[in-house]
Amino acid sequence: MDIKKPEKRKIKRKLLDKYRLIILNEHTFEERLSIKLNRLNVFVLGSLSAIFLIAGTTMLIAFTSLREYIPGYSSAALKKKATELNYKTDSLMQVIEMNDRFYASIKKVLQGEVSTVNVTRDSIIEAVRLEASEVNLRASREDSILRQKVDNEDKYNLFETATPASNFVLFPPVNGTVSEGYNIKKKHYAVDIVVAKGTPVKATADGIVIFAEWTANTGYVIILEHSYGLISVYKHNSALTKSQGDLVKAGEVIASAGNNGELSTGPHLHFELWNDGYPINPTNFIDFK
């Protein structure tokens, strides 16, 4: 025990003993730099320097283009070029294979080696029956889950199922006498209702304003888009209370009747109904009296 303790102290003293590194001017012996060091500091600094040097070199090689100049690392441009050549080679092989099949078929035709196939009505029906029998028409588990999910969503969808087309009601925009009815031969796809000037014009159903502007022929015009592909048109108004893009409810005032426009012959409302791009007779659905 007594021998080991002096040895440990001797090693510790060697590691911790301080030394001075002095840099002198060779001609004047003037001291330029003086550093106090011990063996432990030198070892730690040397180890850290080696670690940082190895890490920096690794980062430089791994994340910069300098690795292309080191043997064993491929160039990025070379790799891209090799990939493109691989795709081109594969495409060329497919073209060559198609050409070989084409030439082989032409060769058979020229040599008279083509076999004839008798196609009849029964053979076609039988082929279709066999093809249909190979298709599995039974619903999978995923398909059943999706159908149940859609059914549940539609069950509680207030916007789609709460207002079926059978309950879709049109309200009269104004009440009055029909001066000119719907006439396809005269291309009068509307009804003209005689009303007093300034009579409120109401929306025939819930919808959105898709047009609200002044025109020289028909005065102030407002057009509404409703559900189920229905569009209503209101012409010869003296003023509009709604603008393009506004949402309106059935019975809500959207304009004031008037006698505006070059084609107007007196205070009235020119009312049109269109369904999926085709005109329909408003009197079949609305009572204007």
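The structure displayed is predicted, hence computed values, not measured ones.

A.B. asks: Where do I start with the overall build of the chain in this structure?
C.D. replies: A tally of regular secondary structure across the chain gives 6 helices and 12 strands. Across the 289 residues of the chain, 18% fall into the buried class. Here the analysis covers contacts within the chain between residues at least 6 apart in sequence; of these, 53% occur between residues at least 24 apart.

A.B. asks: Honestly, the side chain of His226 in this entry has me stumped. Any pointers?
C.D. replies: When you line up the elements, His226 lands in the loop between β7 (219-225) and β8 (230-240). On the basis of relative accessible area, His226 is assigned to the buried category, the value being 7%. At a separation of 3.4 Å, a polar atom in the side chain of His226 contacts the main-chain carbonyl oxygen of Ala205. In this structure the side chain of His226 is engaged in a polar contact, spanning 2.6 Å, whose partner is the side chain of Ser232.

A.B. asks: How do you make sense of unusual backbone geometry when you look at a structure like this?
C.D. replies: Keep in mind that most residues, glycine aside, have a negative phi and that most peptide bonds are trans. Residue Tyr228 is not a glycine yet carries a positive backbone phi of 60°. What makes Tyr228 partly exposed here is its relative accessible area of 41%. Non-glycine residue His236 carries a positive phi angle of around 65°. When you line up the elements, His236 lands in strand β8.

A.B. asks: What exactly am I supposed to notice about a positive patch on the surface here?
C.D. replies: A cluster of basic residues, Lys10, Arg13, Lys14 and Arg39, forms a positive patch at the surface. In terms of residue count, the dominant contributor to the positive patch is helix α1 (residues 4-16) (3 residues). Within the secondary structure, Arg13 sits in helix α1. Classification of Arg13 as partly exposed rests on a relative accessible area of 45%.

A.B. asks: Where do I start with the packing of aromatic side chains in this structure?
C.D. replies: Any pair of aromatic rings gets described here by the distance separating the centres and the angle formed by the planes. For the structure shown, the criterion picks out 6 aromatic pairs. Pairing Phe271 with Phe288 gives two aromatic rings, centres 6.0 Å apart and planes at 70°, and the pair type is edge-to-face. One end of the pair, Phe271, is in strand β11 (residues 268-275); the other, Phe288, is in the segment after β12 (278-280), with 17 residues separating them in the sequence. Classification of Phe271 by relative accessible area gives buried; the value is 0%. Here a set of aromatic residues connected by ring pairs shows up, and it is made of Tyr182, Tyr189 and Trp274.

A.B. asks: Quick question: what am I supposed to make of the environment of Val201 here?
C.D. replies: Along the chain, the position of Val201 falls in strand β5 (residues 200-202). With relative accessibility at 0%, the residue Val201 sits in the buried group. In this structure, the C-alpha to C-alpha distance between Val201 and Val253, residues 52 residues apart in sequence, is 5.6 Å.

A.B. asks: Could you clarify how one ought to interpret the pattern of salt bridges in this entry?
C.D. replies: Note that side chains of opposite charge can pair when their charged atoms are close. As enumerated under the stated definition, the model contains 3 salt bridges in all. Note that Glu97 and Arg101 form a salt bridge whose closest N and O atoms lie 2.9 Å from each other. Here Glu97 and its partner Arg101 are both found in helix α3 (residues 76-111), 4 residues apart, which amounts to about one turn of the helix. Since its relative accessible area comes to 43%, Glu97 is described here as partly exposed. Here Arg101 falls in the exposed class, since its relative accessible area comes to 57%. With a shortest N-O distance of 2.6 Å, Glu252 and Lys242 are connected by a salt bridge. Placement of the pair is Glu252 in the loop between β9 (247-248) and β10 (253-257) and Lys242 in the loop between β8 and β9, with a sequence separation of 10 residues.

A.B. asks: Which parts of the structure should I look at to understand the pairing of strand β2 (residues 31-38)?
C.D. replies: Within a regular strand, side chains alternate between the sheet's two faces. As defined by bridge partners, strand β1 (residues 18-24) adjoins β2 across 7 bridges and the pair is classed as antiparallel. Residue pairing for β2: Leu24 is matched across the bridge by Glu31. In this structure, the hairpin formed by β1 and β2 is closed by a connection of 6 residues, where Phe29 is found at a positive phi of approximately 60°.

A.B. asks: Would you take a moment to explain the confidence of the model for the chain for this structure?
C.D. replies: Detailed reading of the predicted coordinates is not advisable wherever pLDDT is low. Counting all residues, the mean pLDDT for the chain is 79, and 76% of those residues have values of 70 or more. In the model of the chain, helix α6 (residues 158-161) stands out as the element of lowest mean pLDDT, 45, in contrast to β5, which has the highest, 94. Below pLDDT 50 for its whole length, residues 156-163 participates in 5 contacts with residues either more than four positions away or in separate chains.

Criteria and cut-off values
- Residues numbered from 1 in each chain as written.
- Predicted model: local features only at pLDDT ≥ 70, side-chain atom pairs only at ≥ 80, totals over all residues.
- Heavy atoms only, no water.
- Helix = DSSP H or I, 4+ residues; strand = E, 2+ residues; numbered from the N terminus.
- Buried < 20%, exposed > 50% of the residue type's maximum accessible area, 1.4 Å probe, protein only.
- Contact = heavy atoms within 4.5 Å.
- Polar contact = N/O pair within 3.5 Å; in protein donor to acceptor, adjacent residues only side chain to side chain.
- Patch = residues over 30% accessible without salt bridge, like charges linked within 9 Å, V, L, I, M, F, W, Y side chains within 5 Å.
- Areas by Shrake-Rupley, 256 points an atom, 1.4 Å probe, with all protein chains shown as cover.
- Salt bridge = Lys/Arg side-chain N within 4 Å of Asp/Glu carboxyl O.
- Lys, Arg positive; Asp, Glu negative; His and termini not counted.
- Charge placed at Lys NZ, Arg CZ, Asp CG, Glu CD.
- Phe/Tyr/Trp six-rings, centres within 6.5 Å; stacked < 30°, edge-to-face > 60°.
- Pairing = 2+ DSSP bridges.
- pLDDT = per-residue confidence, 0-100.

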